[in-house]
Amino acid sequence: MGSTALDNNNSNKGFFEYVRKSTPPPFLLKTYMLVEDPATDQVISWNGDGTGFVVWQPAEFARDLLPTLFKHSNFSSFVRQLNTYGFRKVTTSRWEFCNDMFRKAERELLCQIRRRKAWSNKQQPTVPIQTTPQDSDEDQRSSSTSSSSEYSILIDENKRLKKENGVLSSELTGMKRKCKELLDLVAKYAHFEKEEEDDDSDKRPKLFGVRLEVGGDREMKRKRAKIRECATVLLSQSCK
């Protein structure tokens, strides 16, 4: 009977091990979902041949997408997680990551990606832990990648803000120029109106009680019409 219980225990362990190996880690599933979603392609998407993915806008990715599936909004933490699952940053010009088992339309391959086991010596706690040069180099690379990613995010965000500030400054300058032109036109119009009111040239001839227009009157009306037309154009441009 003891043998039967042992066999059942081994069988259960084998089943759980099978389930564990056939189920991708949650981190990989969530990342795959983000990459696959066409609605977020401007922020994160597959690369050209589907062998990796690119985070096009790290700041927006960390702020808007990470909190939807993960319990943080830290891009450098996301990069460290990728490193623990064997992802490689394949270019220095953008945040592009690759893993041989993380491919477009091949979701079933995720089960073959395993988290790297941290080196430990729990069975011999009294012996000081020694780090090999390779492990030390890997830790340094991981730390360097984290610092570099945070610095790059700040640089990208600073560039974006500078660009937006330049656009706003240009628009403000244009609006000030249009406002000045409009005020000048209004001043000219008021000046013409005042001249007309102050003009005592009521000596114009009348016909059946109606004062006839002379050349100066027609010119004055033409100028006022031109000013009204220019003012209308400027107002329409200011409202766009």
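Cut-offs used in this document
- Residues numbered from 1 in each chain as written.
- Predicted model: local features only at pLDDT ≥ 70, side-chain atom pairs only at ≥ 80, totals over all residues.
- Heavy atoms only, no water.
- UniProt positions renumbered as here; feature names shortened; annotations may be inferred.
- Buried < 20%, exposed > 50% of the residue type's maximum accessible area, 1.4 Å probe, protein only.
- Helix = DSSP H or I, 4+ residues; strand = E, 2+ residues; numbered from the N terminus.
- Polar contact = N/O pair within 3.5 Å; in protein donor to acceptor, adjacent residues only side chain to side chain.
- Contact = heavy atoms within 4.5 Å.
- Salt bridge = Lys/Arg side-chain N within 4 Å of Asp/Glu carboxyl O.
- Core = buried A, V, L, I, M, F, W, Y, C linked by side-chain atoms within 4.5 Å.
- Phe/Tyr/Trp six-rings, centres within 6.5 Å; stacked < 30°, edge-to-face > 60°.
- Lys NZ or Arg CZ within 6 Å of the ring centre and 35° of its normal.
- Arc of directions from axis to C-beta.

Under an unreviewed UniProt entry, the name given to the chain is HSF-type DNA-binding domain-containing protein, and the organism recorded is Manihot esculenta. In its Sequence similarities (unreviewed entry) section, the UniProt entry covering the chain states "Belongs to the HSF family." A UniProt comment under Subcellular location (unreviewed entry) is attached to the chain, and it reads "Nucleus".

(A) Region of interest: helix H4 (residues 75-84). The buried fraction of H4 is high, at seven of 10 residues. Looking at H4, one finds that the buried residues are Phe 75, Ser 76, Ser 77, Phe 78, Val 79, Leu 82 and Asn 83. Looking at the residues trailing H4, positive phi occurs at Gly 86, about 85 degrees.

(B) Structural detail: unusual backbone geometry. Positive phi is not limited to glycine here, since Ala 105 has a value of about 65 degrees. Within the fold, Ala 105 resides in the loop between strand S4 (95-98) and helix H5 (133-198). Of the residues examined, Ala 105 reaches a relative accessible area of 67% and is grouped as exposed.

(C) Inspection of the side chain of Asn 99 at higher detail. Here Asn 99 is to be found in the loop between S4 and H5. Within the local environment of Asn 99, its side chain forms a polar contact with the backbone oxygen of Tyr 85, the two atoms lying 2.9 Å apart. Each residue touching Asn 99, except ones within four places of it in the same chain, is listed here: Thr 51, Tyr 85, Gly 86, Phe 87, Arg 88 and Ile 113.

(D) Main features of the pattern of salt bridges. Taken as a whole and assessed by the stated rule, the structure comprises six salt bridges. Notably, a salt bridge pairs Arg 88 with Asp 100, separated by 4.0 Å at the nearest N-O pair. Here Asp 100 lies in the loop between S4 and H5 and Arg 88 lies in strand S3 (residues 88-89), a separation of 12 residues in the sequence. The closest approach of N and O atoms between Glu 106 and Arg 103, which form a salt bridge, is 3.6 Å.

(E) The UniProt feature "domain: HSF-type DNA-binding" (unreviewed entry) in the chain, seen in detail. The sites that carry the UniProt feature "domain: HSF-type DNA-binding" (unreviewed entry) are, in the present numbering, residues 66-90. Counting secondary structure, residues 66-90 comes out at 56% helix and 8% strand; the distance between its end C-alpha atoms is 22 Å.

(F) The nonpolar core, seen in detail. Core analysis: the biggest nonpolar cluster contains 26 residues, and Phe 53, Phe 61, Phe 78 and Phe 102 have the highest contact counts within it. Going through the elements one at a time, helix H2 (26-36), strand S1 (44-46), strand S2 (52-55), helix H3 (58-69), H4 and S4 are the ones with two or more residues in this core. The element that contributes the greatest number of residues to this core is H2, accounting for five residues. Those residues in contact with Phe 102, other than ones at most four positions away along the chain, are Leu 28, Thr 31, Tyr 32, Val 35, Trp 46, Gly 50, Thr 51, Gly 52, Phe 53, Phe 87, Leu 110 and Ile 113.

(G) Spatial organisation of the packing of aromatic side chains. Enumeration according to the criterion identifies 16 aromatic pairs in this entry. Arranged with centres 5.2 Å apart and planes meeting at 85 degrees, the rings of Phe 75 and Trp 95 form a pair that is edge-to-face. Of this pair, Phe 75 sits in helix H4 while Trp 95 sits in strand S4, and the two are 20 residues apart along the sequence. In this structure, Phe 75 and Trp 95 share a single accessibility class: buried. One residue, Lys 89, lies across the ring of Trp 95, its end atom 4.7 Å from the ring centre.

(H) H2, seen in detail. Buried within H2 we find Phe 27, Leu 28, Thr 31, Tyr 32, Leu 34 and Val 35. Each buried residue of H2 sits inside an arc of 160 degrees when the element is viewed along its axis, so together they form one side. On its buried face, H2 is in contact with S1, S2, H3 and H4.

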